[in-house]
Amino acid sequence: MSVFKNFEILPKFRVTFKDMIKGFVSQLNSKSAPTLYYSSISPPALSALMVAKTLNVEVNLKNVNMLTKDYLTQDLLEVNPQHTIPTLVDGGFSIWDSHAIAGYLVGQYGQDDRLYPKDSKRRAQVDQKLHFDTEHLFPCVHETVFPLLFRGKSDISKFTRKKVERTYLTLEEFLKRSDWLAGNNVTIADLCCCSSISVLDYLIPVREAKPRLFNYIQRCSALPHYQDVIQKGVDQLGNKIQESLISTYIKHYTLSRNNDHAALGLNYKRIQVNLFKNEQLSPEILKLNSQHTVPILVEEDGTVIWDSHAINIYLCENYGTNQNLYPEDHAKRALINQRLFFDASMAFPLVQKCQRLRVQRRDLPERNITRLCDMYETLNNFIKNADWVAGNSVTLADLSLIPNITLAHHLLMAIDVQKYPNVIRWIKNAELLPFYYENTNYLTAITDFVHRPRTNKVKSVL
């Protein structure tokens, strides 16, 4: 990675000796150091380790070979039924998804809130970028790396290259506002996103034509632990890809609903955006949100937040009186965050893709049906011993998952949902919520649209 000759590195994120002592003392209060199930070629695992090292949290690394499916071992399945990497086990508590792990580590071991601000508006900006990583950056990594490593492909498709370039342009827009993704100082948004960006930059280099993103990568490379964690991991992944190439041959958005305003009893002004007419690309929307996605929340003071998960958290922290929706307890909050990222990374993209196929009057491919079954099975395990997805009371995790899971349940009908009794029980509980009518209206609108007579106009939009 080249660096401009006259490029000035911003002051490094400094850790004082006092901070180190405090970090060690907080860990001594627990029985043993947390265990991190980790892979050096997994960008999310690199992010989790980067956060731990930045906080001076000693972790026992348990290496998992992603190429030989070590993540399906009984040892990991016992602590994480979703069998994903990274997974953190801290005493008797286990949490997975790198973003949820990052928030938990800061809450449990951080000496201040620099990495994950307590101020709800600043935190919402961090959450927004974390979900951008989940919904855009890491899917780009997957679409770029997976075919090279596992499908014998020798090049990156034009479609994927264009998708990555569009993501770069969005990042360039983000960085117009500040030096770092969520403000003028490093946060967990940077520590999480920079691993995905670094892998993409390795495969599809960021050119100087995108100066803000180019310089941002240089700033990230100067962070403490970047070279021995992220750069080392990127190099190892690159070597694996090269080995794979040599072995073969050298060479979101549909209508998004947000139940949280109803749960909190808030008064608000709703502005409908017709996605089928591309109204999300209007100058008014683009001025508010360069990512041109819905929903978007605009406060009276001019604060703008997008991504439904970030909006939900912000609303809860600013207006909520029901502490159960998003508790302050670090472990409970981390579990909710993990479920929110499950929604963002698996449930929403999958249901969105299947819904699009149904609108086009196309049958679901077998691979999509298999993934739907995996989604139901994972959710079924989440609520095996609980009434709701993150415990025995309704939380933001339920409010985020309800629209996607109920849409799959009512519309897709591609699998035998009776095999997942816990999911059926959860849906019935959701239907009893006093604000569920919002979701009923949503399901009715989508179902009517899917079954309406097909027109050439709709066909061209899709």
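Read on for an overview of the structure.

Cut-offs applied
Residues numbered from 1 in each chain as written. Predicted model: local features only at pLDDT ≥ 70, side-chain atom pairs only at ≥ 80, totals over all residues. Heavy atoms only, no water. Helix = DSSP H or I, 4+ residues; strand = E, 2+ residues; numbered from the N terminus. Buried < 20%, exposed > 50% of the residue type's maximum accessible area, 1.4 Å probe, protein only. Contact = heavy atoms within 4.5 Å. Patch = residues over 30% accessible without salt bridge, like charges linked within 9 Å, V, L, I, M, F, W, Y side chains within 5 Å. Areas by Shrake-Rupley, 256 points an atom, 1.4 Å probe, with all protein chains shown as cover. Salt bridge = Lys/Arg side-chain N within 4 Å of Asp/Glu carboxyl O. Lys, Arg positive; Asp, Glu negative; His and termini not counted. Charge placed at Lys NZ, Arg CZ, Asp CG, Glu CD. Axes fitted to C-alpha atoms, helices over the stretch in contact; angles between N-to-C directions. Parallel < 35°, antiparallel > 145°, perpendicular 65-115°, else oblique. Nonpolar A, V, L, I, M, F, W, Y, C, P; charged D, E, K, R; others polar. Polar contact = N/O pair within 3.5 Å; in protein donor to acceptor, adjacent residues only side chain to side chain. Left-handed = near helix turned anticlockwise from the far one by under 90°.

Looking at the environment of Lys129
As for its placement among the helices and strands, Lys129 is situated in helix 5 (residues 120–150). Classification of Lys129 as buried rests on a relative accessible area of 5%. In sequence terms Lys129 and Leu181 are 52 residues apart; their C-alpha atoms lie 7.0 Å from each other. The residues contacting Lys129, other than those within four sequence positions of it, are Phe174, Leu181, Ala182, Ala189 and Cys193.

Things to note about a positive patch on the surface
A contiguous patch of positive charge on the surface is contributed by Arg151, Lys153, Lys353, Arg356, Arg367 and Arg371. If you list the elements that add at least two residues to the positive patch, you get helix 13 (330–359) and helix 14 (366–382). Take Arg151: it is sitting in the loop between helix 5 and helix 6 (158–174).

Examining the packing of helix 14 against helix 16 (residues 421–431)
Their axes nearest at 8 Å, the elements helix 14 and helix 16 cross at an angle of 75°. On the basis of their axis angle, the class for helix 14 and helix 16 is roughly perpendicular. Here helix 14 contributes Tyr376, Leu379 and Asn380 to the contact with helix 16, which in turn contributes Pro421, Asn422, Val423 and Trp426. Its residues assigned to classes, the contact of helix 14 with helix 16 shows five nonpolar, two polar and no charged.

Section: the environment of Thr406
As for its placement among the helices and strands, Thr406 is situated in helix 15 (residues 396–412). We classify Thr406 as buried; its relative accessible area is 0%. Here Thr406 is in contact with Ile427, Tyr436, Asn439 and Leu443, once residues within four sequence places are set aside. At a separation of 2.5 Å, a polar atom in the side chain of Thr406 contacts the main-chain carbonyl oxygen of Ile402. Polar contacts involving the side chain of Thr406 include one to the main-chain carbonyl oxygen of Pro403, which spans 3.3 Å.

Here we look at the packing of helix 5 against helix 12 (residues 308–319)
Running from N to C, helix 5 and helix 12 point in directions that differ by 160°, and their axes come no closer than 8 Å. With respect to helix 12, the axis of helix 5 lies roughly antiparallel. Seen from above, helix 5 lies across helix 12 with right-handed handedness. In this structure, helix 5 uses Ser120, Lys121, Arg123, Ala124, Asp127, Gln128, His131 and Glu135 to contact helix 12, whose residues at the interface are His309, Ala310, Ile313, Tyr314, Glu317 and Asn318. Residue classes in the contact of helix 5 with helix 12 are distributed as four nonpolar, five polar and five charged.

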